[in-house]
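# A closer look at the structure
Here's the letter readout for the chains.
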Amino acid sequence: MVISPVRQHHMVLPEISPDAMEPVREIVRILLRMWHKSDLSFVAELGVTELLTNVWKHTPGDCELLIREMPDGVLVGVTDFDDALPAVKEPVDDAECGRGLFLLAALTEELQTQPLLTGKQVWFRLGRPLGGGEEEAHHG
């Protein structure tokens, strides 16, 4: 049996700002292309933007981004060092904010918030059926 290594990318993002969003999305796009999972790129980029925007708006200091290849997709997590946990709730019709995590939960297989000793990690998992997606299109 051959066990494939877990491919992942981890980076520290000091003082995240809106100017950093496009370069981070490009990194996500490139990684997913290298892992033959470009079909997940749109939602992964949207999710990274949502999580990093929440850090920029609500938490001081650095954050960390983790992108990990999974056999059936990808896991993306953002860690920050603020203890306040975000709530995923259905937004009020006329609310001007508060929709992002609700929509991300609807677009992903799983969205979780995990408290840490100092701070939290918010992560989502995108999947696709084994044997489906981009790789099949290239080899089938």
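Our subject is the structure that appears above.
Residues numbered from 1 in each chain as written. Predicted model: local features only at pLDDT ≥ 70, side-chain atom pairs only at ≥ 80, totals over all residues. Heavy atoms only, no water.

In an α-helix, one full turn covers 3.6 residues, which means residues spaced three or four apart are oriented alike. Over its 18 residues, helix H2 (residues 41-58) runs 25 Å from end to end, which matches the ideal 26 Å to within 8%, given 1.5 Å per residue. Those residues of H2 lying buried are Ser41, Val43, Ala44, Glu45, Gly47, Val48, Thr49, Glu50, Leu51, Leu52 and Val55. Looking at the buried side of H2, the elements it contacts are strand E1 (8-13), helix H1 (21-34), strand E2 (63-70), strand E3 (73-80), helix H3 (100-107) and strand E5 (120-127). (Helix = DSSP H or I, 4+ residues; strand = E, 2+ residues; numbered from the N terminus. Expected span 1.5 Å × (residues − 1). Buried < 20%, exposed > 50% of the residue type's maximum accessible area, 1.4 Å probe, protein only. Contact = heavy atoms within 4.5 Å.)

Another aspect to go through is the packing of H2 against H3. When two helices pack together, their arrangement is given by the angle between the helix axes and by the axis-to-axis distance. At their nearest, the axes of H2 and H3 sit 10 Å apart, and the two run at 150 degrees to each other. By the criterion of interaxial angle, the relationship of H2 to H3 is roughly antiparallel. Judged by the sense of rotation from one axis to the other, the crossing of H2 with H3 is left-handed. For the pair formed by H2 and H3, the contact residues are Val43, Leu46, Gly47, Glu50, Leu51 and Asn54 on the first element and Gly100, Leu101, Leu104 and Leu107 on the second. Classifying every residue of the contact of H2 with H3 gives six nonpolar, three polar and one charged. (Axes fitted to C-alpha atoms, helices over the stretch in contact; angles between N-to-C directions. Parallel < 35°, antiparallel > 145°, perpendicular 65-115°, else oblique. Left-handed = near helix turned anticlockwise from the far one by under 90°. Nonpolar A, V, L, I, M, F, W, Y, C, P; charged D, E, K, R; others polar.)

Time to look at the pattern of salt bridges. Scanning the model with the defined rule gives eight salt bridges in all. Among the salt bridges present, the one from Glu22 reaches Arg25, with a minimum N-O distance of 3.0 Å. Of the two residues, Glu22 and Arg25 are both situated in helix H1; the distance of three residues between them amounts to about one turn of the helix. Residue classification places Glu22 among the partly exposed positions, given a relative accessible area of 38%. Across the salt bridge formed by Glu45 and Arg29, the nearest N and O atoms sit 2.6 Å from each other. Separated by 16 residues along the polypeptide, Glu45 in helix H2 and Arg29 in helix H1 bring together distant segments of the chain. The class for Glu45 is buried, based on a relative accessible area of 11%. Here the salt bridges do not stand alone but share partners, grouping Glu22, Arg25, Glu26, Arg29 and Glu45 into one network. (Salt bridge = Lys/Arg side-chain N within 4 Å of Asp/Glu carboxyl O.)

Relative to E5, strand E4 (residues 110-115) is paired through six bridges, and the arrangement is antiparallel. Within the sheet, the bridge partner assigned to Gln114 lies in E5 and is Gln121. Once E4 ends, the chain turns through four residues before running back antiparallel as E5, passing Gly119 with a positive phi of about 100 degrees. (Pairing = 2+ DSSP bridges.)

Strand order across the open sheet formed by five strands is E1-E2-E3-E5-E4, with antiparallel pairing between neighbours. Looking at which strands have only one partner, the edges of the open sheet turn out to be E1 and E4. For this sheet, the mean angle separating the axes of adjacent strands, direction not counted, is 15 degrees. Of the strands in this sheet, E1, E2 and E3 are in contact with H1, which crosses E1 at around 170 degrees. Its contacts with the sheet put H2 on E1, E2, E3 and E5, and the angle it makes with E5 is roughly 170 degrees.

These figures come from the coordinates and say nothing about function on their own.
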